[in-house]
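Listed below, chain by chain, are the residues.
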Amino acid sequence: MKKTCSLIMVFFLILTLTACGRTGNDAPSEEQAAIPTTPAGILFTSFKDQIKNGAADPEEIANQLVSNPIIPFAPVVMPVEPGFLNGFSSDISGFDSGAIFAPMIGSIPFVGYVFSVSGDVDSFVQQLKNNADLRWNICTQADEMICEAVGNTVFFVMAPASFES
């Protein structure tokens, strides 16, 4: 009887260990590994998809970005003019048109922009990166910044690593 119980226990132990083990198929593919998991990364992927589908107007693109389910707050989208922009330590110029997308409530460390640039796009992107201030918001600080251009359209966002509390 002891032998039988011991064999049954060993069987269940082996079954438990094999059921919880990983297989070689559990590793993410290169495509899955490239999918961004942060809010900023997810929005940048959405931005690139919109550009690929022919979107060009910054305000239209910003409105599409805030409709993404990753956005947990009530957003506002507005056109912007060159000058002082929220999230930067000095005036921003060199763009033809732009739109801000941000939360209506200022305590969320998130601000995003879409710009259309007809001049030197690389210099404009560098201007944004050089003047970005992750701690622009008095109460909070963004965890990451993405500033990239696709053609003559520039995506800029500062955001928390996650919107989970």
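Structure first, text after, so check above.
Remember, predicted model here, so these are calculated numbers, not experimental data.

Asks: With reference to specific residues and values, describe the environment of Trp136.
Replies: Looking at the secondary structure, you find Trp136 in the loop between helix H5 (121-131) and strand S4 (144-150). Separated by 49 residues in sequence, Trp136 and Gly87 place their C-alpha atoms 5.0 Å apart. Within the local environment of Trp136, its side chain forms a polar contact with the side chain of Asn86, the two groups lying 3.1 Å apart.

Asks: Before we move on, can you summarise the environment of Val80 with the specific residues and values?
Replies: As for its position among the elements, Val80 is in strand S1 (residues 75-80). Sequence-wise, Val80 and Phe115 are 35 residues apart; in three dimensions their C-alpha atoms are separated by 9.1 Å. Contacts of Val80, omitting those with residues within four sequence positions, involve Leu85, Phe95, Gly98, Ala99, Ile100, Tyr113 and Phe115.

Asks: Please provide a residue-by-residue account of the sheet that holds strand S3 (residues 111-116), values included.
Replies: Taken together, five strands build an open sheet; the order of strands is S1-S2-S3-S5-S4 and the sheet is antiparallel. Among the strands making up the open sheet, the edge pair consists of S1 and S4. The sheet shows a mean angle of 10 degrees between the axes of neighbouring strands, taken without regard to direction. Of the strands in this sheet, S1, strand S2 (97-103), S3 and strand S5 (153-159) are in contact with helix H4 (residues 58-66), which crosses S2 at around 20 degrees.

Reading guide: rules and limits
Residues numbered from 1 in each chain as written. Predicted model: local features only at pLDDT ≥ 70, side-chain atom pairs only at ≥ 80, totals over all residues. Heavy atoms only, no water. Helix = DSSP H or I, 4+ residues; strand = E, 2+ residues; numbered from the N terminus. Polar contact = N/O pair within 3.5 Å; in protein donor to acceptor, adjacent residues only side chain to side chain. Contact = heavy atoms within 4.5 Å. Pairing = 2+ DSSP bridges. Axes fitted to C-alpha atoms, helices over the stretch in contact; angles between N-to-C directions.

Functional significance is not addressed by these values, which are geometric in nature.
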